[in-house]
Amino acid sequence: MDSQTVTRQQTVQDPPTAGKLKSNALGVVGILFFVLSAQAPLTGIAGALPISVGLGNGAGAPAGYAVAGAVIFLFSVGFVAMGRHVVDAGAFYTYIGRGLGRTTGTGSAGVALFAYCTIQAAMYGLYGSIVSGLVARYTGLDAPWWVWAVGTMVIVQVLGAAGIEMGAKVLAVFVLAEFSILLVFALVTLVKGGGPEGLGFAESFSPKAALQGAPGVALMFAVASMFGFEATAIYGEEAREPKKTVPRATYLSVAVVTGFFAFTSWMLVSAYGASHATAAAGKALAGGDGVVFVLSPVADLFGGWAGDVLPVLLATSLFAGILAFHNSANRYLFSLGREGVLPRRLCTLNRRHSPSAAGTVQTGLALLLVVPFALLGKDPVLSLFSWFSGVAVLAMMLLYFLTSVSVIVFFRRERLDTRPWNTLIAPALGALGIGGAIWVILANFTTLIGGSAETATWLVLSVPAVLVLSAVAARAVRARPGATA
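Residues numbered from 1 in each chain as written. Predicted model: local features only at pLDDT ≥ 70, side-chain atom pairs only at ≥ 80, totals over all residues. Heavy atoms only, no water.

K.L.:
What exactly am I supposed to notice about the side chain of Asp417 here?
P.N.:
If you trace the backbone, Asp417 turns up in the loop between helix 18 (380-414) and helix 19 (420-443). Exposure remark for Asp417: the relative accessible area of 7% places this residue in the buried category. In this structure the side chain of Asp417 is engaged in a polar contact, spanning 2.6 Å, whose partner is the side chain of Arg419. Sequence-distant contacts of Asp417, that is, excluding residues within four places in its chain, are made with Ala81, His85, Phe411 and Thr423. (Helix = DSSP H or I, 4+ residues; strand = E, 2+ residues; numbered from the N terminus. Buried < 20%, exposed > 50% of the residue type's maximum accessible area, 1.4 Å probe, protein only. Polar contact = N/O pair within 3.5 Å; in protein donor to acceptor, adjacent residues only side chain to side chain. Contact = heavy atoms within 4.5 Å.)

The structure is reproduced here in structure tokens:
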């Protein structure tokens, strides 16, 4: 290892002149809540499952979550191995840069920001629509969706600036509420022996069930539901004993998310009966409110109060996800500012050691992404939510793939960890699985975004365009006289 490489590693791990995020602020549970918030459990189930069942592989949709979880677990093995040697708020781009070069790494930072900001903007669309309906229902105030979206941006900005512990506490309340009601429903259904046709394990998890219909659609939405688990590494600088906390939080989050989505979706299918679930999901989608497919059996089990509480929990689920992605994105901006790729003002910390300047910029980006849809009168769900959800998933899968390849290259060169499973076999299998998932996403992208083929093409092309433009811009910055990044 030459002196230049050593210097670069020291810069990545412990910048001598840059600000530092607040250390020892998060434990395993705190990080886990940020991850689960990004998943937005109720949103993931209520939004994705009706499509997976109705348009995908029917009763076999729960198997899609199991397969997606297995692929993400393989990816996580190499991800965690890299995290033991690189602790940085930039996570993905730092990891990719260490293996595939700084230009590719910085280009991937642009993709990561693009992914986090677009998924957050997508959630603002669905959130605004739901809150607008709730407020109109209970107060009679009929304000447009974007009023609530923009107002929530202010709240998210304040919470983000208040510090990571405050954000974790707020998210914990929302996540526990939505997790609890869905988990209790699933457990009660399991204890009762399932729905009218029993538990139907084989009908949901057998190879035949998993491959029926259009399994690619179910897998695509299952992968989308895993979005955000990688945030464990982003909070490495703020974690207690990051070399222990981050790996534990990563594996625990993958296990919890996979188990929760697979189990809950199985019980929902069981509640209808495997032979009736597809028709019920199709009817809900045709009626323009796919969420009913999930909310109805829960309300039937618990009574009328659940029908009133669940829409509120869906709104808080989205709020939790929005706050989690705000924190992830502003830490990418902070890290890029600290390295000098973006203006160094972005690594400014407030008195609570939170990246205040980066948080303000992230909120500004959210505003820029959301406002055009409001001005053009676009539907917040069919356009904003659908388009940006699809492109964000594709962008994140590209990052997963590049990270897996980078892990293999890094450990073949540096030899800091010689365990074959952790540094070669699992990352290679993960890369193959992720590559297959990307192919499935591309093949079904028009269905995923619910738009035209032309719109799908432009959105797909935006991801490699962001990668290339970010890499070129970073290279130009480094080439300037006096540049130190």
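Moving on, there is more to tell.
K.L.:
Teacher, can you tell me more about the pattern of salt bridges here?
P.N.:
When the charged atoms of two side chains lie near each other, side chains of opposite charge can form a pair. Applying the stated criterion across every chain, the model contains three salt bridges. Between Asp308 and Arg137 there is a salt bridge; the shortest N-O distance is 2.8 Å. Here the residue Asp308 occupies a position in helix 16 (residues 304-338), and Arg137 occupies one in helix 6 (residues 102-139), the gap between them amounting to 171 residues. In this structure Arg137 comes out as partly exposed when scored by relative accessible area, which is 49%. Linking Glu414 and Arg413 is a salt bridge whose minimum nitrogen-to-oxygen distance equals 3.4 Å. With a relative accessible area of 15%, Glu414 lands in the buried category. (Salt bridge = Lys/Arg side-chain N within 4 Å of Asp/Glu carboxyl O.)

K.L.:
Even after reading the chapter, I still don't get the packing of helix 18 against helix 19, so can you show me in this structure?
P.N.:
Any two packed helices are characterised by how steeply their axes cross, that is the angle between the axes, and by the distance between the axes. In contact at an axis separation of 9 Å, helix 18 and helix 19 are set at 160 degrees when each is read in the N-to-C sense. Taken together, the axes of helix 18 and helix 19 lie roughly antiparallel to each other. In this structure, the crossing between helix 18 and helix 19 has a hand that is left-handed. Across from Val393, Leu394, Met397, Leu398, Tyr400, Phe401, Ser404, Val407, Ile408, Phe411 and Arg412 in helix 18, the residues of helix 19 making contact are Thr423, Leu424, Pro427, Ala428, Gly430, Ala431, Ile434, Gly435, Ala437, Ile438, Ile441 and Leu442. Taken together, the residues that form the contact of helix 18 with helix 19 break down as 18 nonpolar, four polar and one charged. (Axes fitted to C-alpha atoms, helices over the stretch in contact; angles between N-to-C directions. Parallel < 35°, antiparallel > 145°, perpendicular 65-115°, else oblique. Left-handed = near helix turned anticlockwise from the far one by under 90°. Nonpolar A, V, L, I, M, F, W, Y, C, P; charged D, E, K, R; others polar.)

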